[in-house]
Every structure is written in structure tokens, then in C-alpha cells.
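These are the residues of each chain, in order.
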Amino acid sequence: MIKQRRQIPAVDLHDPNYKRLRYCRYADDFILGLVGTFQDAQAIKQKVGQFLQDNLKLELSDHKTLITASSQQPARFLGYQIQNQQANDKCTTSKRNVKKRSINGVISLRVPVEVITKKCTLYTRAGKAIHRPELQDDSDYSIVTRYQQEYRGVVQYYALAQNVCHLSKLHWVMQSSLLKTLAGKHKTTSSKILAKYQTTCQTLEGKTVKCLEVRVQREQEQRPALIARFGGISLKRQTDVILDETPYVYKNRRTEILKRLLANECELCGATQNIEVHHIRKLSNLKEKGVRDKPQWVKEMVAKRRKTLMVCRKCHDNIHAGKPTRIKTEMNG
């Protein structure tokens, strides 16, 4: 017996269940596997649609809800290709020397070929890797970090796929694009950039692989160097990962926060000790109407159009306390 589902409170903030229910995440994408006939699948589809309509007040989309014979045509779900494997030549031999088909009927998850092709086109033109001129003003550290974030996002999303190793093509294309981008920045060749930054590292499985690595030494000897790597990510299938998000997409505009951190200088008073990062959520929050005499730190952030500011601990405390901050002329005087 199915009890009537309680309607989620959307307005009443005083409802004792509101705080709990407003964080619920109702999935609208799902896939069902069935061993049966096409008619069985149609009957189940109809019953599911009726249940959603009667109990959850949701409508099942006919053009999105497909019935696929997975042994003949792969199904697509959340970017994965799902197929019922059939191969009579794949056999295993038992202890009694009896051969048995080993993969027939086993469901496989795969990275679709078109997904790999589409990802590669972001870094190619006419089939060849290209440089990215929009990154020319960034540091080598920032460029390598960005490429690694984009590559890692795709690999981690498709880690469940049995053919995740096919992403080695994407790795090669992205590395070629990365080398060309760095070469264009320094007006040199990709081979010289490769000779400068290529090294080896270990994957999580302990395998030694080649990668590109940029190290940024800090003036303070006791602080470790900043390291950015491209590569060094295993392309071995992982069966224990959780599929939760779409592949990583880099959305932030380029930033030279690295240079500002390494400068180790307060951007308000010029102090070089105990440097911290003051950040805000939105620049629009600083534009208060009716306030003419704004604090110096506000003027600095508005002028530089930055949501972060490198400040010393004294200035940082003054900002949060609503007190005036020191300026460089006062420090020099």
C-alpha cells in the first residue's frame, strides 16, 4: 500500500520539516535494466509513468524515455555508453578444462567515441593541436594548473568506464596544446618546453609515468615550492568511484593570484610579514549607494576589479573591525 506523499513546504519557513526537506535532491534521470521482451518493457514504462503521475505529480517524458535492446544498440545515460556485451570468442577455462563464455550478458560502461572526439576538438583545429592565445598573459604555473584541472575532470568523471584508457588520446592532444601555448608565450619551440618541464611522477597505483611539472620556489626556504603538474593521472578503471557531477568545466577568468602570493606584500600598506587573503563574494556588494567616503581597501578592490586582496594581518584585522587600514605612504614615512 502506497501512502499519499506529503507536499514539500516551499514557503512556510516556520514548518519544522522545512529545513530538512529543502535540501532534498530528487533525481529526474534514471535507468532500468530488464531481462524480458519488448512488450514487458513497454508495460513497465507505462506503470512507472502512471506511478509518477499519481504519487509524485511528475510527468514522464515520452521522447526522452527510450526502450533500447542493449545487446544490439548501446544506451546512453549521463554521458556513458551502456551495453550488454556479447562475444562468443571470449572464453575462460574452468578447473575441469571446460570452456565458458566469460562476458556474454555482462553490462559494460564505456566512454562514447564521440565524447572523446568532442573533447579533443576544444584543443584542435583541422585535426591539429593549437595554442590558446587567451592564456598568454598567465604564468606557466597557472597555465599548467588550468590544463590539469580540465583533464582531471574528464578522467575522474569517466573513471567507471571499461575503456577509460582511450582518454590517452585526449591526454596527448591536450599536452600538445599545452606545449604550444607555453611555447607561444615564451617565443620558443614545443620541444624546448618539453625538455624544460618534462619529468616523472607516480600514479596512485605506484606506476611511474611521464608528466609536465612547473615548480615555483618561494623566498622563504622553510616553505615548500608550489608545484603544478599536467598528467600523472591513472587511466585505469576504478569501480569504487561515485558518479555525481558532470565533467569539470573551467569557468573562472584567468588570474595572476600566484604572482600576488609570491610577492609576499600587503597591497594596502606594503608590509611583507604575515600576508593573508581577504576575499568577498561579489564586487557588487562593495558598491553601496549613498556612501561617498569608502575605505581604502574597498577602493582598491573596486579599482582592480578583484574579489581578493593580499593584506597583512594588521590590515586584515582592521578591515573586519571596520577600522581604517594603513597605506604605503604611512609605512614609508
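Residues numbered from 1 in each chain as written. Predicted model: local features only at pLDDT ≥ 70, side-chain atom pairs only at ≥ 80, totals over all residues. Heavy atoms only, no water.

Chemist: Quick question: what am I supposed to make of the pattern of salt bridges here?
Modeler: Pairs can form between side chains of opposite charge whenever their charged atoms are close. Considering all chains together, one arrives at seven salt bridges under this definition. A salt bridge links Arg76 to Glu114; the nearest nitrogen and oxygen atoms lie 2.5 Å apart. Taken together, the residues Arg76 in strand S1 (residues 75–77) and Glu114 in helix H3 (residues 113–121) connect sequence positions 38 residues apart. When its relative accessible area of 46% is taken as the criterion, Arg76 is described as partly exposed. Between Glu134 and Arg132 there is a salt bridge whose closest N-O contact spans 3.3 Å. The class for Glu134 is partly exposed, based on a relative accessible area of 37%. Overall, Arg132 belongs to the buried group, its relative accessible area being 11%. Taken together, the shared-partner salt bridges in this structure form one network comprising Arg132, Glu134, Arg146 and Glu150. (Salt bridge = Lys/Arg side-chain N within 4 Å of Asp/Glu carboxyl O. Helix = DSSP H or I, 4+ residues; strand = E, 2+ residues; numbered from the N terminus. Buried < 20%, exposed > 50% of the residue type's maximum accessible area, 1.4 Å probe, protein only.)

Chemist: So what exactly am I meant to see when it comes to the sheet that holds S1 here?
Modeler: Within a sheet, neighbouring strands are paired by backbone hydrogen bonds and run either parallel or antiparallel to one another. One open sheet accounts for three strands, arranged S1-S2-S5; its pairing is antiparallel. Each edge of the sheet is formed by a strand with only one pairing partner; in this case those strands are S1 and strand S5 (107–110). The sheet shows a mean angle of 30° between the axes of neighbouring strands, direction not considered. (Pairing = 2+ DSSP bridges. Axes fitted to C-alpha atoms, helices over the stretch in contact; angles between N-to-C directions.)

Chemist: What should I look at first to understand the state of the cysteines in this one?
Modeler: Should the sulfur atoms of two cysteines be covalently bonded, the bond is a disulfide. Throughout the structure, instances matching the rule amount to zero disulfides. Lacking any disulfide linkage, Cys266 is separated from the closest cysteine sulfur, that of Cys269, by 3.6 Å. Residue Cys269 is classed as buried on the basis of its relative accessible area, which comes to 2%. (Disulfide = S-S within 2.5 Å.)

Chemist: Looking at this structure, I do not really get the packing of aromatic side chains. What am I missing?
Modeler: Working definition: an aromatic ring pair is given by the centre-to-centre distance plus the angle between the planes. Considering all chains together, one arrives at six aromatic pairs under this definition. Judged by centre distance (6.0 Å) and plane angle (40°), the ring pair of Tyr123 and Tyr147 falls under tilted. Of the two residues, Tyr123 sits in the loop between H3 and strand S6 (124–125) while Tyr147 sits in helix H4 (residues 140–157), which places them 24 residues apart along the sequence. Each member of the pair Tyr123 and Tyr147 is classed as buried. (Phe/Tyr/Trp six-rings, centres within 6.5 Å; stacked < 30°, edge-to-face > 60°.)

Chemist: Got a minute to help me understand helix H5 (residues 168–186) in this structure?
Modeler: Note on helix geometry: an α-helix contains 3.6 residues per turn, so any two residues three or four positions apart are oriented the same way. Under the 1.5 Å per step criterion, the end-to-end length of H5 is 27 Å for 19 residues, consistent within 8% with the ideal 27 Å. Those residues of H5 not exposed but buried are Leu170, His171, Val173, Met174, Gln175, Ser176, Ser177, Leu178, Leu179, Thr181, Leu182 and Ala183. (Expected span 1.5 Å × (residues − 1).)

Chemist: What exactly am I supposed to notice about the packing of H4 against H5 here?
Modeler: Packed helices, taken two at a time, are described by the angle their axes make and the gap between the axes. Their axes nearest at 11 Å, the elements H4 and H5 cross at an angle of 165°. By the angle between their axes, H4 is roughly antiparallel relative to H5. Relative to H5, the crossing made by H4 is right-handed. In contact with Asp140, Ile143, Val144, Tyr147, Glu150, Tyr151 and Val154 of H4, H5 contributes Leu170, His171, Met174, Ser177, Leu178, Thr181, Leu182, Lys185 and His186. (Parallel < 35°, antiparallel > 145°, perpendicular 65-115°, else oblique. Left-handed = near helix turned anticlockwise from the far one by under 90°. Contact = heavy atoms within 4.5 Å.)

Remember, this is a structural readout, not a statement about activity or role.
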